[in-house]
Amino acid sequence: MNKEKIVNFIGTVIGLLAAALVFLNWNPENLLKGKEPPVTLEDVEKNLGTDFAGSKAGEDIKRLTGKEDFENNYYQAVTAEPIGIVKTGAYELKSWVDPYIRRRTRKGRVYGAPKRKEQFLQYKNPDGWFQNRADYLPFYLLELSDHTYILAQIPDRDARAIEKGKDVVLPIGKKIIKGIPKTLKSLCEEYDASTDIYYAFEDEWYEKHHFILFLMRVGAAIVVLFAVAVVLIIIGNKVFRTDRASK
């Protein structure tokens, strides 16, 4: 294999890795949602029974102060201002994602029995780059103002902001009680955290826009693939041509 072929191969491989990172980790929700007005206590009182999870919280929405406050919460809409965050490396399949893997022919026809996706994933390195955020939601442990922890599923943008030490008001969340993996339960015990889940996603919106979000991730990944691969191949070939010319 000559040097030019090696450069082309390396450039393509790095481009594919960069594209995979974008596809698995980029969430373009903000581009579609845009700016939304905050939900106030008056909105909640006028719309009793409405699920406001995932909506922007107004200033008069109740702020959770800690684990006990969350576990005993009876308010329809709550938010929190975490002072710390712990990545757990645990993920759960998104409720709006197709739970089955379907094999297809080159013409797009489905064949064979569909295989059900894993409900939970556990990564050994919580900070790893190649984690499937396209189909799965991460679990976090949030430290609240009284220094106790609660289990939560919140948007990536908020998790990153809390990790950087920024002041964050979470989207309105709702309490969900359900089974969680043993490894995650053990981590909750280690931090004396509530195993009730603060869930801050608007499922109905994601169900409607899931396919568009998928296409946006695919498009961005393709752009990154070609941009990275082409640039590296051009630079590599120039370096080798310069090297040959100097000999």
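Residues numbered from 1 in each chain as written. Predicted model: local features only at pLDDT ≥ 70, side-chain atom pairs only at ≥ 80, totals over all residues. Heavy atoms only, no water.

A. Structural detail: the overall build of the protein chain. Each helix and strand in the protein chain was counted, giving 7 helices and 10 strands. Whereas a compact globule of 247 residues would reach a radius of gyration of roughly 18 Å, the protein chain reaches 22 Å, over 25% beyond that. For the C-alpha atoms alone, the extent of the protein chain along its principal axes is close to 75 × 45 × 40 Å. Looking at the protein chain residue by residue over its 247 residues, the buried ones come to 38%. The long-range fraction of contacts in the protein chain, counting pairs at least 24 apart against all pairs at least 6 apart in sequence, stands at 70%. Counting only carbon and sulfur atoms, one obtains 57% of the accessible surface of the protein chain, whose full area is about 14900 Å². Taking the 37 positively charged and 33 negatively charged side chains of the protein chain as two groups, their mean positions are separated by 15 Å. (Helix = DSSP H or I, 4+ residues; strand = E, 2+ residues; numbered from the N terminus. Rg over C-alpha atoms; globule rule 2.2 N^0.38 Å. Buried < 20%, exposed > 50% of the residue type's maximum accessible area, 1.4 Å probe, protein only. Contact = heavy atoms within 4.5 Å. Areas by Shrake-Rupley, 256 points an atom, 1.4 Å probe, with all protein chains shown as cover. Lys, Arg positive; Asp, Glu negative; His and termini not counted. Charge placed at Lys NZ, Arg CZ, Asp CG, Glu CD.)

B. View of the pairing of strand 3 (residues 84-93). Most of strand 3 sits inside the fold, with 9 of its 10 residues counted as buried. Two strands pair when backbone bridges link them, and strand 3 and strand 7 (residues 136-143) are joined in this way by 7 bridges, in the antiparallel orientation. Across the sheet, residue Lys 87 finds its bridge partner in strand 7, namely Tyr 140. As judged from the 3 bridges shared by strand 3 and strand 6 (residues 120-122), these two strands associate in the antiparallel manner. Residue pairing in the sheet places Tyr 91 in a bridge with Leu 121 of strand 6. (Pairing = 2+ DSSP bridges.)

C. Molecular detail of the nonpolar core. If you look at the biggest cluster of nonpolar residues, it comprises 24 residues, and the most contacted ones within it are Trp 96, Leu 141 and Leu 151. For this core, the secondary-structure elements that each account for two or more residues are strand 3, strand 7, strand 8 (149-153), helix 6 (182-190), strand 10 (194-199) and helix 7 (203-246). For Leu 151, the residues in contact, after removing those within four places along its chain, are Phe 139, Tyr 140, Leu 141, Ile 180, Leu 184, Cys 188, Ser 194, Thr 195, Asp 196, Ile 197 and Tyr 198. With 18 residues, the next largest nonpolar core counts Ile 85, Ile 150, Ala 161 and Ala 200 among its residues. (Core = buried A, V, L, I, M, F, W, Y, C linked by side-chain atoms within 4.5 Å.)

D. Structural context of helix 6. Every buried residue of helix 6 is accounted for by Leu 184, Leu 187 and Cys 188. End-on view of helix 6: buried residues confined to an arc of 100°, all on one side of the axis. Structural note: helix 6 exposes Lys 182, Glu 189 and Glu 190 on the side pointing more than 90 degrees away from its buried face. Downstream of helix 6 by a residue or two, Asp 192 has a phi angle that is positive, lying close to 50°. (Arc of directions from axis to C-beta.)

E. Fine view of the layout of surface pockets. Computed from the structure, the largest pocket encloses a volume of approximately 380 Å³. As for the largest pocket, its lining consists of 17 residues, and the residues nearest its centre are Glu 36, Lys 56, Arg 157, Val 169 and Pro 171. Broken down by secondary-structure element, the contributors of at least two residues to the lining of the largest pocket are helix 2 (29-33) and helix 5 (156-163). The class makeup of the residues in the lining of the largest pocket is 5 nonpolar, 4 polar and 8 charged. (1 Å grid on protein atoms, 1.4 Å probe; cavity = no way out; pocket = protein on both sides within 12 Å on 5 of 7 lines; lining within 4 Å. Points joined across faces, edges and corners; volume = space filled by probe spheres on them. Nonpolar A, V, L, I, M, F, W, Y, C, P; charged D, E, K, R; others polar.)

F. Layout of the pattern of salt bridges. A full pass over the atoms with the stated rule returns 9 salt bridges. Residue Asp 51 pairs with Lys 174 through a salt bridge whose shortest N-O separation is 2.7 Å. Of this pair, Asp 51 sits in the loop between helix 3 (41-46) and strand 1 (62-64) while Lys 174 sits in strand 9 (residues 174-176), and the two are 123 residues apart along the sequence. The exposure class assigned to Asp 51 is partly exposed, which follows from its relative accessible area of 46%. (Salt bridge = Lys/Arg side-chain N within 4 Å of Asp/Glu carboxyl O.)

G. Region of interest: helix 5. Among the residues making up helix 5, those that are buried are Asp 156, Asp 158, Ala 159, Ala 161 and Ile 162. Of the residues trailing helix 5, Gly 165 is marked for its positive phi of about 85°.

H. Spotlight on the packing of aromatic side chains. Across all of its chains, the model carries 9 aromatic pairs by this definition. Taken together, a centroid distance of 5.6 Å and an interplanar angle of 55° make the contact between Tyr 199 and Phe 201 tilted. Residue class for Tyr 199 comes out buried when judged on its relative accessible area of 5%. Residues Trp 205 and Tyr 206 carry aromatic rings whose centres are separated by 5.0 Å and whose planes lie at 85° to one another, so their mutual orientation is edge-to-face. Like Tyr 206, Trp 205 is buried. Pairwise contacts between aromatic rings join Trp 96, Tyr 199, Phe 201, Trp 205 and Tyr 206 into one cluster. The ring of Tyr 100 carries Arg 116 above its face, with NZ or CZ at 5.3 Å from the centroid. (Phe/Tyr/Trp six-rings, centres within 6.5 Å; stacked < 30°, edge-to-face > 60°. Lys NZ or Arg CZ within 6 Å of the ring centre and 35° of its normal.)

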